[in-house]
Amino acid sequence: MTFNGTEDPIAAVRAFNRFYTRKLGVLDQYLGKTPFSLSEARVLYELAHRDDLAAKEIGNELGLDPGYLSRIVQSFDEKGLITRTPLPADRRQYQLSLTAKGRQTFAKLNLSSQNEVAAMLAQLSADDAARLTQAMATIEATLEQRPGRPAAVMLRSHRVGDMGWVISRQGAAYAADYGWDISYEALVAEICAQFIRNYDPAREHCWIAEVGGEPVGSVFLVKATDEIAKLRLLQVEKKARGLGVGRALVEQCIQGARERGYRRMTLWTQSILVAARGIYKSTGFELVKEEKHHSFGADLVGETWERDL
């Protein structure tokens, strides 16, 4: 299927929609080989990625009919996938959370979806796969544009060339903002090299944040032990601060750790990194250790933060 500039734009968009839904198989009654419909899967996704959502919030964000959403929630409750807690302000409304069984169910659903997309991408060359994801980002950013609305943030997996960008931007950013010397860039280079050499996709991951197709941030999930994951190298470009990039990266890293079976998460940061510390605290991390040290040409206070998953 091809499009050109002389084609009726309405017909072109409708044709693309038909092609894309056929390609992903979302016209099927059930999603992939799971017992869940597309709408049910979307509700599970929202509950897995955000804590303590009200049913009404989910319905509004996903555009679901209240009656249909009520049946989905009732079904999830009967299957033991969720807990429902009446809201103090309005006892007719419920706050929803996934149970342990619900999180396990979502993890299986998510893995199935990942495998299906991976199989589709495996048929493409690396260049074609990059072109595809970039085109998707362009479609999303263009359709999400609103007057005065921040640009859409997209998180993607790392690819060839990203480690060099991470090393360069981390070194430059911390030198400019905090006066750290080149020894910090050397540390980042060592971490990135070790990540690539020992990369285990079943237990580790790197996410790159993009705005308008341009990288603006990164975070790494690495294995500390079989049960403990470590968050490393969170960084957001100055021009992208205020867009929620840092929080999106941290939340994705937490969810990624859950999906990979970790039970606890840890990270090491510095007391002067106020914005990052605020994100860690707001996403459930707790400060468990402080230690003064001299590194990167500066006197610092290192901090260890942890949280259960």
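Position numbers for residues start from 1 in each chain and track the written sequence from start to end. Under the rules for a predicted model, residues below a pLDDT of 70 receive no local features and side-chain atom pairs below 80 are neither given nor counted, while totals for whole chains, interfaces and linings still include all residues. In computing side-chain properties, one takes all heavy atoms of the structure into account and sets aside hydrogens as well as water.

### So, the sheet that holds strand 10 (residues 298-308)
As summarised here, the arrangement of the seven strands in space is 4-5-6-7-8-10-9, forming an open sheet in which the pairing is mixed. Only two strands of the sheet have a single neighbouring strand rather than two, namely strand 4 (153-157) and strand 9 (286-295). Adjacent strand axes in the sheet meet at a mean angle of 25 degrees, parallel and antiparallel pairs treated alike. A pair of strands is labelled paired if DSSP reports no fewer than 2 bridges between them. Put simply, DSSP H or I for four residues or longer makes a helix, DSSP E for two residues or longer makes a strand, and each gets a number counted from the N terminus. As paired strands, strand 8 (residues 264-270) and strand 10 are joined by seven bridges and run antiparallel to one another. Bridged to Gln270 within strand 10 is Gly302. Across the face of the sheet, helix 9 (residues 245-259) comes into contact with strand 4, strand 5 (205-211), strand 6 (214-223), strand 7 (228-236), strand 8 and strand 10 while running at roughly 160 degrees to strand 7. Interaxial angle, 0 to 180 degrees, is taken between N-to-C directions of lines fitted to C-alpha atoms, where a helix line uses only the stretch in contact. Working rule for contacts: check all heavy atoms of both residues, and any pair within 4.5 Å makes them a contact.

### Some thoughts on the pairing of strand 8
Remark: exposure states derive from per-residue accessible area (1.4 Å probe, protein chains only) relative to the maximum for the residue type, with buried under 20%, exposed over 50%, and partly exposed in between. Taking burial as the measure, the seven residues of strand 8 include five buried ones, the bulk of the element. One ladder, built from four bridges, connects strand 7 with strand 8; its direction is parallel. When the sheet's bridge partners are listed, Lys230 is paired in strand 8 with Thr266. The handedness rule is simple: strands pointing away from the viewer, and a clockwise path from the first strand over the helix to the second, make the crossover right-handed. Once you follow strand 7 into helix 9 and on to strand 8, the crossover reads as right-handed.

### Topic: the packing of helix 9 against helix 10 (residues 274-282)
For the pair helix 9 and helix 10, the least separation of the axes is 10 Å and the interaxial angle reads 45 degrees. With respect to their mutual orientation, helix 9 and helix 10 come out oblique. Along this stretch, helix 9 crosses helix 10, giving a crossing that reads as right-handed. Side by side, helix 9 and helix 10 meet where Gly246, Arg247 and Val250 of the first sit next to Ile279, Tyr280 and Ser282 of the second. In terms of residue class, the contact of helix 9 with helix 10 is built from three nonpolar, two polar and one charged. Angle categories: roughly parallel below 35 degrees, roughly antiparallel above 145, roughly perpendicular from 65 to 115, and oblique for all the rest. Two helices cross in a left-handed way if the nearer one is turned anticlockwise from the farther one by less than a right angle. They cross in a right-handed way if the turn is clockwise. Ten residues, namely Ala, Val, Leu, Ile, Met, Phe, Trp, Tyr, Cys and Pro, are considered nonpolar, four, namely Asp, Glu, Lys and Arg, are considered charged, and the remaining ones, Gly among them, are considered polar.

### Focus: helix 5 (residues 100-122)
What a helix should span is 1.5 Å times the count of its residues minus one. For helix 5, with 23 residues, the first-to-last C-alpha span of 32 Å sits near the 33 Å given by 1.5 Å per residue. Where helix 5 is concerned, the buried positions are Gly102, Thr105, Phe106, Leu109, Asn110 and Met120.

### What about the confidence of the model for the protein chain?
A score between 0 and 100, pLDDT records how confident the predictor is in each residue. Model confidence for the protein chain is summarised by a mean pLDDT of 84, while 89% of its residues fall at 70 or above. Mean pLDDT in the protein chain bottoms out at strand 1 (residues 53-54), which sits at 74, and peaks at strand 8, which reaches 96.

### Brief notes about helix 8 (residues 182-197)
One turn of the α-helix equals 3.6 residues, which is why residues spaced by three or four share an orientation. For helix 8, which comprises 16 residues, the first-to-last C-alpha distance of 23 Å matches the rise-based estimate of 22 Å (1.5 Å per residue) to within 8%. Within helix 8 the residues assigned to the buried category are Tyr184, Val188, Ile191, Cys192 and Phe195. For helix 8, the angular spread of the buried residues around the axis is 95 degrees, confining them to a single face. Facing away from the buried side of helix 8 by more than 90 degrees, the exposed set consists of Ile182, Glu190 and Arg197. Lining the buried residues of helix 8 we find helix 7 (162-178), strand 5, strand 6 and strand 7. Directions are taken from the helix axis to each C-beta atom, and the arc is the one they span.

### Quick notes on the packing of helix 2 (residues 38-49) against helix 4 (residues 66-78)
Between helix 2 and helix 4, the least distance of the axes is 11 Å, while the angle of their chain directions is 70 degrees. By the criterion of interaxial angle, the relationship of helix 2 to helix 4 is roughly perpendicular. In this structure, the crossing between helix 2 and helix 4 has a hand that is right-handed. Listed contacts from helix 4 to Ser39, Glu40, Val43 and Leu44 of helix 2 are Tyr68, Leu69, Ile72 and Phe76. Class assignment for the residues of the contact of helix 2 with helix 4 results in six nonpolar, one polar and one charged.

### Thoughts on the pattern of salt bridges
One side-chain nitrogen of Lys or Arg within 4 Å of one carboxyl oxygen of Asp or Glu is enough to make a salt bridge. Enumeration according to the criterion identifies 13 salt bridges in this entry. Among the ionic pairs, Arg84 bridges to Asp77, the shortest N-O distance being 3.3 Å. The partly exposed category is assigned to Arg84, whose relative accessible area is 30%. The partner of Arg241 in a salt bridge is Asp177, and the shortest N-O contact between them spans 3.3 Å. Highlighted residues: Arg241 in the loop between strand 7 and helix 9 and Asp177 in helix 7, separated in sequence by 64 residues. Under the relative-accessibility criterion, Arg241 is labelled partly exposed at 43%. Where salt bridges share partners, they join Arg156, Arg159, Asp162 and Glu210 into one cluster.

### Notes on unusual backbone geometry
If you check the backbone angles, Leu233 has positive phi at about 55 degrees while not being a glycine. Note on placement: Leu233 falls in strand 7. Positive phi is not limited to glycine here, since Phe296 has a value of about 60 degrees. Mapped onto the fold, Phe296 is located in the loop between strand 9 and strand 10. Of the residues examined, Phe296 reaches a relative accessible area of 10% and is grouped as buried.

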